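# Tertiary structure, described
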Amino acid sequence: MDLWQEQMRYHVNTLEKLKTYINVTDREERAITEMPTRWGTTPYFAALMGRDDPDCPIRRQVVPSIQERENTYGVPNYLIWKENRDTSEIRPDCIARQYIDRVAFTVSDACAIYCRHCFRKELVVDRDLQLRFDVEEGLKWIREHPEVRDVLITGGDPFLFSDEKLDYLIRKLREMPHLQMIRFGTRTPIVLPQRVTEGLKKVLAGRHRVPIWINTQCNHPKEITEQTAQAVYDLLTCGVNVGNQAVLLKGINDDPATFRELHQKLLTVRIRPYYVFYCEPAPGIDHFRTPVEKGAELIRDAIRGHTTGLAQPMYVIATNIGKIPLMPDYYIQGKDEKEYTLRNYQGKTTQWPNIPE
Ligand SMILES: *Cc1c(COP(=O)(O)O)cnc(C)c1O
Ligand code: SF4
């Protein structure tokens, strides 16, 4: 199954198919048979799951859980609120806006895997929310908004589009004089690396006035393989940078050792950590969420000073009014008229002169 289309045709999305990859537990089987949710993965990613380990970090992102029925802390109609869809500004369904100069352009609700922790769960996974994905409508809106200089194409997964459709989308956006960059949010380098074909490389390659940037999503070091490394290298040779947007997930990557290994291993395959997101309060994913401070503590305890600076992502809470960064707060221990007392990752302190205005 070297072709990405075959990976999609043989999507692992029935109990029978899943049983060829893992020993399904009674609880998992109940979730699959009783819940109406959409689920599934590429065979490639399924093969990375631990056969006898229900707590396998990949398996937990792929296989539905009975816990998804519980919802104590999730916000009802989360996506409508989060993406400011309930405002007076008239926008097509496919455009989500939180900033003046950039928008998210949602082009589909199909993915190569249906992540159990997805913040668009209502739309993509559970599908109680329906939106219209009209690429022409989105392009028209962007064309009419010259203040937008950066378009983030997302979904669903836009890289499930054919090469022809992606080529069309990129060409139409590049015709707009006000656009300075195009970004894609796609999990394919991680869950469907076969997608990076010669054809796709032709679509993406070349130095153009309007560059293309990609962010993928990788949450655990086990997700990174030799095929990931090749796919990312191929993207880079097209002049496309690849960043990562991880989601902080309880029991998956919220311990210092895993968190550090993830960010170090991303760099070994040339993926630059960009964001770590707090797991958003969409309904039915309480069991993946940690306290908000957790991400900042992990940067303090596992990343800053402990490893290569390039391995450091920014930890953010993606809210309805934009992304809010949360930093570890130990750096400035004290300040007087003369100097600051600064603290490092080992707890050592040093003095630094305070310059008056
Ligand atoms: C995340 C997001 C962006 C991009 O944010 P950056 O911080 O520039 O990466 C833009 N628009 C929306 C609606 C978003 O959710
Ligand atoms: S790939 Fe992205 S949009 Fe699709 S299910 Fe996963 S998190 Fe959600």
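Residues numbered from 1 in each chain as written. Chains lettered and ligands numbered in written order. Predicted model: local features only at pLDDT ≥ 70, side-chain atom pairs only at ≥ 80, totals over all residues. Heavy atoms only, no water.

Under the criterion given, the structure shown has five aromatic pairs. Geometrically, the ring pair formed by Tyr 330 and Tyr 331 is tilted, given 4.4 Å between the ring centres and 55° between the ring planes. By relative accessible area, Tyr 330 is classed as buried at 7%. Here Tyr 331 falls in the partly exposed class, since its relative accessible area comes to 29%. Linked through ring pairs, Tyr 274, Tyr 275 and Phe 277 together constitute an aromatic cluster. Just above the ring of Tyr 99 sits the side chain of Arg 102; from NZ or CZ to the centre is 3.6 Å. (Phe/Tyr/Trp six-rings, centres within 6.5 Å; stacked < 30°, edge-to-face > 60°. Buried < 20%, exposed > 50% of the residue type's maximum accessible area, 1.4 Å probe, protein only. Lys NZ or Arg CZ within 6 Å of the ring centre and 35° of its normal.)

Next up on the list: the site of ligand 2. Cys 111, Ile 113, Tyr 114, Cys 115, Cys 118, Val 124, Gly 156, Arg 187 and Gln 217 make up every residue found near ligand 2. Taken together, the residues that form the shell around ligand 2 break down as six nonpolar, two polar and one charged. (Near = heavy atom within 4 Å. Nonpolar A, V, L, I, M, F, W, Y, C, P; charged D, E, K, R; others polar.)

Attention now goes to the pattern of salt bridges. Inspection of every chain in the model, using the stated rule, returns 26 salt bridges. Glu 28 is the salt-bridge partner of Arg 59, the closest N and O atoms lying 2.8 Å from each other. Of this pair, Arg 59 sits in helix H5 (residues 57–62) while Glu 28 sits in helix H3 (residues 26–34); the two residues are 31 residues apart in sequence, bridging distant segments of the chain. For Arg 59, a relative accessible area of 1% corresponds to the buried category. (Salt bridge = Lys/Arg side-chain N within 4 Å of Asp/Glu carboxyl O. Helix = DSSP H or I, 4+ residues; strand = E, 2+ residues; numbered from the N terminus.)

Looking now at the site of ligand 1. All residues in the neighbourhood of ligand 1 are listed as Ala 96, Gln 98, Tyr 99, Arg 102, Ala 104, Leu 152, Arg 183, Tyr 274, Tyr 275 and Lys 323. A distance of 2.9 Å separates an oxygen atom of ligand 1 from a polar atom in the side chain of Arg 183. In this structure, an oxygen atom belonging to ligand 1 sits 2.5 Å away from a side-chain N or O atom of Tyr 275. Relative to its unbound accessible area of 390 Å², ligand 1 is 87% covered by the protein chains. Judged by its atoms lying within 2 Å of the grid points, ligand 1 is housed in the largest pocket. Looking at side-chain class alone, the shell around ligand 1 contains six nonpolar, one polar and three charged residues. (Polar contact = N/O pair within 3.5 Å; in protein donor to acceptor, adjacent residues only side chain to side chain. Areas by Shrake-Rupley, 256 points an atom, 1.4 Å probe, with all protein chains shown as cover. 1 Å grid on protein atoms, 1.4 Å probe; cavity = no way out; pocket = protein on both sides within 12 Å on 5 of 7 lines; lining within 4 Å. Sits in = over half its atoms within 2 Å of the grid points.)

Moving on, we come to the packing of helix H8 (residues 135–143) against helix H9 (residues 163–174). Here H8 crosses H9 at 15°, and the two axes come no closer than 10 Å. Taken together, the axes of H8 and H9 lie roughly parallel to each other. Note that H8 runs across H9; the crossing there is right-handed. Contact with H8, carried on its side by Val 135, Glu 136, Leu 139, Ile 142 and Arg 143, involves Tyr 168, Leu 169, Lys 172 and Leu 173 of H9 and no other residues of that element. Considered class by class, the residues forming the contact of H8 with H9 number six nonpolar, no polar and three charged. (Axes fitted to C-alpha atoms, helices over the stretch in contact; angles between N-to-C directions. Parallel < 35°, antiparallel > 145°, perpendicular 65-115°, else oblique. Left-handed = near helix turned anticlockwise from the far one by under 90°. Contact = heavy atoms within 4.5 Å.)

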